[in-house]
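Structural features, examined
Each chain, written out:
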Amino acid sequence: MDRVSRLASQNAVVIFGTNSCCMSHTVMSLFVDLGVNPTVYKLDQDPRGREMEIALSNLLGRNPAVPAVFIGGRLVGSTDKIMSLHLCGNLVPMLRNAGAIWV
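Please read all numbers here as calculations on a predicted model, not as lab measurements.

Moving on to the pairing of strand S3 (residues 68-71). Side chains on a regular strand alternate between the two faces of the sheet. Along S3, one buried face is formed by Ala68 and Phe70 and the opposite face, lined by Val69 and Ile71, is buried too. The hairpin turn running from S3 into strand S4 (residues 74-77), its antiparallel successor, is two residues long, and glycine 72 in that turn takes a positive phi close to 60°.

Below, the structure is given as structure tokens:
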């Protein structure tokens, strides 16, 4: 859990995902389209990925735990939450407040 918190707090937008998860790719694409340069941790390529996946699952209260998105060091949620925020017009202001975009 400490490693996840530490990594999540180091950049404005942090995504924990896997190569095999299409939802991870979808969320990453959305952020790039919005002009964000997210930091992405691929859990299936990290030696401690399984440990981080368990920690994320506990934080999210669900399994699978990816994608897990942190904005401004705070856990926002997974694809459903990110898409909901985007459709409601609340994602861009949140990204601005975190310093992830300037427009």
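Core analysis: the largest hydrophobic core is formed by 16 residues, its most contacted members being Val13, Phe31, Ile71, Leu91 and Leu95. When contributions to this core are tallied by element, the ones reaching two or more residues are strand S1 (13-17), helix H2 (22-33), S3, helix H4 (79-87) and helix H5 (91-97). Sorting elements by how many residues they give to this core places H2 first, with four residues. Apart from the residues within four sequence positions on either side, phenylalanine 31 is in contact with Val13, Ile15, Val36, Pro38, Val69, Ile71, Ile82, Leu91 and Leu95.

Attention now goes to the environment of glutamine 45. Along the chain, glutamine 45 falls in the loop between strand S2 (39-42) and helix H3 (49-60). Residues glutamine 45 and serine 9, 36 residues apart in the sequence, show an inter-C-alpha distance of 20 Å.

Conventions adopted
- Residues numbered from 1 in each chain as written.
- Predicted model: local features only at pLDDT ≥ 70, side-chain atom pairs only at ≥ 80, totals over all residues.
- Heavy atoms only, no water.
- Buried < 20%, exposed > 50% of the residue type's maximum accessible area, 1.4 Å probe, protein only.
- Helix = DSSP H or I, 4+ residues; strand = E, 2+ residues; numbered from the N terminus.
- Pairing = 2+ DSSP bridges.
- Core = buried A, V, L, I, M, F, W, Y, C linked by side-chain atoms within 4.5 Å.
- Contact = heavy atoms within 4.5 Å.

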